[in-house]
Amino acid sequence: MRVDPRVEQRVVGALLWSMTVVTVAVLVFIIAFVLKKGLPAVDWGFLVENPVDMGKGGGIFSTIIGTIVLTAGAILVATPLGVGTAIFLTEYTWEGPVTRIIRFGAECLAGIPSIIFGLFGFILFVTKLKFGWSILSGSLTLAFMILPTIIRTSEEAIKSVPPGFRTVSFSLGSTKWQMVTRVVLPSALPGIVTGIVLSVGRSIGETAAVIFTAGSALRIPASLFSSSRTMSVHFYILAREGISMTNAYGTAAVLIVAILGINILTYYLMHRFIRKYS
Amino acid sequence: MGIIEVRDLCFYYGSFQALDRIGLDIEKNRITALIGPSGCGKTTFLRSLNRMTDMIENVRVTGRVIIDGEDIYRPGADLLALRKKVGMVFQRPNPFPLSVYDNVVYGLRVHGLRDKRRLEEKLVRSLESVHLWEELKDRLDANALTLSGEQQQRLCIARLVAVEPEIVLMDEPCSALDLAATANIEDLMAELKKRYTIVIVTHNMQQAARVSDFTGYFLLGELVEIGATHQIFTTPRDPRTEDYITGRFG
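Residues numbered from 1 in each chain as written. Chains lettered and ligands numbered in written order. Predicted model: local features only at pLDDT ≥ 70, side-chain atom pairs only at ≥ 80, totals over all residues. Heavy atoms only, no water.

Next up on the list: the overall build of chain B. When helices and strands are counted, chain B shows 10 helices and 10 strands. Over its C-alpha trace chain B gives a radius of gyration of 18 Å, about what one expects of a compact globule, namely 18 Å for 250 residues. Overall size of chain B, expressed as C-alpha extent along the three principal axes, is 55 × 45 × 30 Å. When burial is assessed residue by residue, chain B has 55% of its 250 residues classed as buried. A separation of at least 24 residues holds for 67% of the contacts in chain B among residues at least 6 apart in sequence. Carbon together with sulfur atoms contributes 48% to the accessible area of chain B, which is approximately 11,200 Å² in total. Computed over 32 positive and 35 negative side-chain charges, the inter-centroid distance for chain B is 3 Å. (Helix = DSSP H or I, 4+ residues; strand = E, 2+ residues; numbered from the N terminus. Rg over C-alpha atoms; globule rule 2.2 N^0.38 Å. Buried < 20%, exposed > 50% of the residue type's maximum accessible area, 1.4 Å probe, protein only. Contact = heavy atoms within 4.5 Å. Areas by Shrake-Rupley, 256 points an atom, 1.4 Å probe, with all protein chains shown as cover. Lys, Arg positive; Asp, Glu negative; His and termini not counted. Charge placed at Lys NZ, Arg CZ, Asp CG, Glu CD.)

Structure (C-alpha cells):
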C-alpha cells in the first residue's frame, strides 16, 4: 500500500512538532516545578544567612560561598591547562598520530561519569596526597572533569581564526609565541570564554565529584584545606536525609536560576562570536 | 651579482618535486616579475625566498639561496631576521582585525619597539609612502576591515614597509583588486623600487610587462628563461617562452 506523500508529509510534520513540544514541555515542567516548590523558601535571608541546625533552619550562604570557591579554583586550574593544550595541539605540532591520541584521550575523559572522577579525586588528592576533604581536593577534581570541555572549545575557537593572520604575522618576522598572543588568542577569546563559562555551569551543578573530595562541612571555608559544601551537595543531603524538603527545594531553585543565568550568558557570548566571523 | 643569488634550488612537497635546480640572480632596486601558468612553481619559489614555506609540513629543500652574502638555508639561520629583511605582500589584502594604527605598528612592536613617539613617526612615514596618510590620518582608530580593498592592500604594504625590509615579495598583489586600484598599486611599486628590491609573482603578463625590469618564466618547476623584460617579451630565446607570451599556451 502506498501512502499519499502529501498525507505522509502532514503526519511527519505533526510528529516532529509534537516531539519538539514534549522536549520543551519537559524542560519547562522541571524548571517550573523546582521554582514553584523552591522559590517560596528563598528570600534575602536565605541567601545571606548560614545554615542552622544541619540546614533545617537558616539560609545557604556558606554553601553559595563553597560553590563559588570550588568552581573558581577549578577554573583557575583548568583554564591554563586546557588553553595551553589547545594552543599546543593547534599551533605547535603537526596533525599526526600523537595529536590524535591526545584528542582521543581528552574525549574519553569527557565521557567518564562524574562519580568516577569523585572516586579518583578521593583516592589521589584526599588520601594519597593527604589534602583531606578540602577545597583543594575538590577544585582539582572538578578541574580534571571540565578540562576536556575547555580543550575542545578552545581548539575550535583557535582553529576558526583565519590562517592568513598567522602567515602575515610570520612574514613580518614574529615568533610563534608573538603570533599566538597578539593575533590568535585575541581573535579566539570569545570562543575560549564561552567554553569557560560552560565549564562554570558544569562545575556549579556537580555533586558526585565534590561530595567525595570537598566533603560537606557547613562552615564558611577558612583556607584551601578546609572542607566545604556546595549547593548541589547541600540539596542532596537535605533531601536524602530528610532534614528539610523546603530548604532543599529552595537550594535547588537558587541553583537552577544560577545555571540558567550562566547558559543565557554563554548563548549571548557565542552569538557575538559567530557574528564576528561571519 | 644580485642582492639575491639562487643556486641549484630544488624544492619538494613530500615526494613531489615543485622546483628543479633553479638558478638566478635578483638585482637590487629593480622589479623582477615571475610569470608562468598555474602550478609552475613561481609562488613556491617566491615563498622559499623568506622561508614562508617552512610553515608547510613535509617540505625539503636543497641548494642555496644567498641574500646579502648569507645562505638563508644554512643550519641555524635566523628566520626572524630574514623575514624582517625579506617581507611579503599577499594575494588577498589581509589586515589584522585591529585598528589601522595597530596594523601598521604590528611589525615594529614584534621587533621590540615600544617608544610611542617613534612608533608614531614610523606610522606616519609608512602611511605616507603608500599615500594613505591624508585619507586615514583622522581614522587611525578605525578597524582596518572597514577600509576598501585597495586601501586594505595599501595598508598591508604600509605594515610591511614600517619594518624597513630590503626586499619585498609580492604574491599576485592585485588579483583581488579592480582595474583602477591595480593601476594605483602598480604606480606605487614603481615608487617603492627606489628603496626596495621587489620580486612579484603575477598571472597577468601585461602587468609584468608594465611594471618589471626583469622577467622570469617558470614552467613545470623549471626556470625556462630569465632576462630583461623587453627582451623576454620581444625576443625570447626559448620557444616555450614564446609560446606562452604569444598566448599559444597557458
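Still more to cover.
Two aromatic rings, taken as a pair, are described by how far apart their centres are and by the angle between their planes. A complete count under the given rule lists 13 aromatic pairs over all chains for this structure. Between A:Phe33 and A:Tyr249 the ring centres are 5.9 Å apart and the planes differ by 85°, which places this aromatic pair in the edge-to-face class. Residue A:Phe33 is found in helix 1 (residues 5-38), and its partner A:Tyr249 is found in helix 11 (residues 245-276); the two are separated by 216 residues along the sequence. Grouped by ring-pair contacts, the aromatic residues A:Phe120, A:Phe125, A:Phe131, A:Phe144 and A:Phe225 constitute a single cluster. Directly above the ring of B:Tyr12 sits B:Arg60, whose terminal nitrogen or CZ lies 4.3 Å from the centroid. (Phe/Tyr/Trp six-rings, centres within 6.5 Å; stacked < 30°, edge-to-face > 60°. Lys NZ or Arg CZ within 6 Å of the ring centre and 35° of its normal.)

It is worth spelling out the pattern of salt bridges at this point. All names here are of chain A. According to the stated counting rule, one finds 21 salt bridges over all chains in the structure shown. Between Glu95 and Arg103 there is a salt bridge, and its shortest N-O distance comes to 3.0 Å. Counted as one network, the salt bridges with shared partners bring together Glu95, Arg103, Glu155 and Lys159. (Salt bridge = Lys/Arg side-chain N within 4 Å of Asp/Glu carboxyl O.)

For the rest of this paragraph, the subject is the interface of chain B and chain A. Counting residues at the interface gives 24 residues for chain B and 19 residues for chain A. Across the chain B/chain A interface, buried area totals approximately 1,800 Å², and carbon plus sulfur atoms make up 69% of it. The largest per-residue losses of area from chain B upon contact with chain A belong to B:Met55, B:Tyr106 and B:Val110, which jointly make up 29% of the total buried on that side. Counting every contact that joins chain B to chain A gives 0 salt bridges. Counting across the chain B and chain A interface gives 3 residue pairs in polar contact (both at pLDDT 80 or more). Elements with a contribution of two residues or more to the side of chain B that touches chain A: helix 2 (79-85), strand 6 (86-89), helix 3 (100-110) and helix 6 (149-161) of chain B. (Buried area = accessible area lost by both parts, 1.4 Å probe. Polar contact = N/O pair within 3.5 Å; in protein donor to acceptor, adjacent residues only side chain to side chain.)

Once that is clear, we can look at the nonpolar core. Of all hydrophobic cores here, the largest spans 129 residues; its most connected members are B:Ile4, B:Val6, B:Ile22, B:Phe45, B:Val65, B:Leu127 and B:Ile157. No other element matches the 10 residues that helix 8 (residues 176-205) of chain A contributes to this core. Ignoring anything within four residues of it in the chain, the contact list for B:Leu127 reads B:Val100, B:Val104, B:Leu132, B:Trp133, B:Leu140, B:Leu155 and B:Ala158. (Core = buried A, V, L, I, M, F, W, Y, C linked by side-chain atoms within 4.5 Å.)

All names here are of chain B. One non-glycine residue, Asn29, lies in positive phi territory at about 55°. By the element assignment, Asn29 lies in the loop between strand 2 (16-26) and strand 3 (31-35). Exposure remark for Asn29: the relative accessible area of 21% places this residue in the partly exposed category. Positioned with a positive phi, Glu172 is a non-glycine residue whose angle comes to about 45°.

Another point: the environment of B:Arg7. Residues and elements named next belong to chain B. Mapped onto the secondary structure, Arg7 falls in strand 1 (residues 4-13). For Arg7, a relative accessible area of 30% translates into the label partly exposed. Taking the C-alpha atoms as reference, Arg7 lies 5.9 Å from Gly63; in sequence the two are 56 residues apart. Residues within four places of Arg7 in sequence aside, it is in contact with Ile22, Leu24, Asp25, Gly63 and Arg64. Here Glu5 takes part through its side chain, which lies 3.4 Å from a polar atom of the side chain of Arg7.

The subject of this paragraph is the side chain of B:Asp71. All names here are of chain B. Among the structural elements, Asp71 can be located in strand 5 (residues 70-71). A distance of 3.4 Å separates a polar atom in the side chain of Asp71 from the backbone nitrogen of Val65. Apart from the residues within four sequence positions on either side, Asp71 is in contact with Arg64, Val65, Ile66 and Ala77.

Residues and elements named next belong to chain A. Taken domain by domain, chain A holds domain 1 (5-39) and domain 2 (42-277). Relative to domain 2, the C-alpha centre of domain 1 lies at a distance of 30 Å. With 7 residues of domain 1 at the contact, the number on the domain 2 side is 8 residues. A combined buried area of about 690 Å² lies between domain 1 and domain 2, and 80% of that area is made up of carbon and sulfur atoms. On the domain 1 side of the contact with domain 2, Val34, Gly38 and Leu39 bury the most area, a combined 52% of that side's loss. Where domain 1 touches domain 2, the interface holds 0 salt bridges. If you look at where domain 1 meets domain 2, you find 1 residue pair in polar contact (both at pLDDT 80 or more). Here the side of domain 1 that touches domain 2 is composed, by residue class, of 5 nonpolar, 1 polar and 1 charged. (Domains from an automatic or database assignment. Nonpolar A, V, L, I, M, F, W, Y, C, P; charged D, E, K, R; others polar.)

What follows concerns the packing of helix 7 (residues 163-171) of chain A against helix 8 of chain A. Residues and elements named next belong to chain A. It is the contact of helix 7 with helix 8, at a shortest axis distance of 10 Å, that shows an interaxial angle of 145°. Relative to helix 8, helix 7 is oriented so that their crossing is right-handed. Across from Phe165, Arg166, Ser169 and Phe170 in helix 7, the residues of helix 8 making contact are Lys176, Met179, Val183, Val184 and Ser187. (Axes fitted to C-alpha atoms, helices over the stretch in contact; angles between N-to-C directions. Left-handed = near helix turned anticlockwise from the far one by under 90°.)

Turning our eyes to something else, we now look at the pairing of strand 2 of chain B. Looking at chain direction, strand 1 of chain B and strand 2 of chain B are connected through 7 bridges and run antiparallel. By the bridge assignment for strand 2 of chain B, B:Tyr13 is matched with B:Phe16. (Pairing = 2+ DSSP bridges.)

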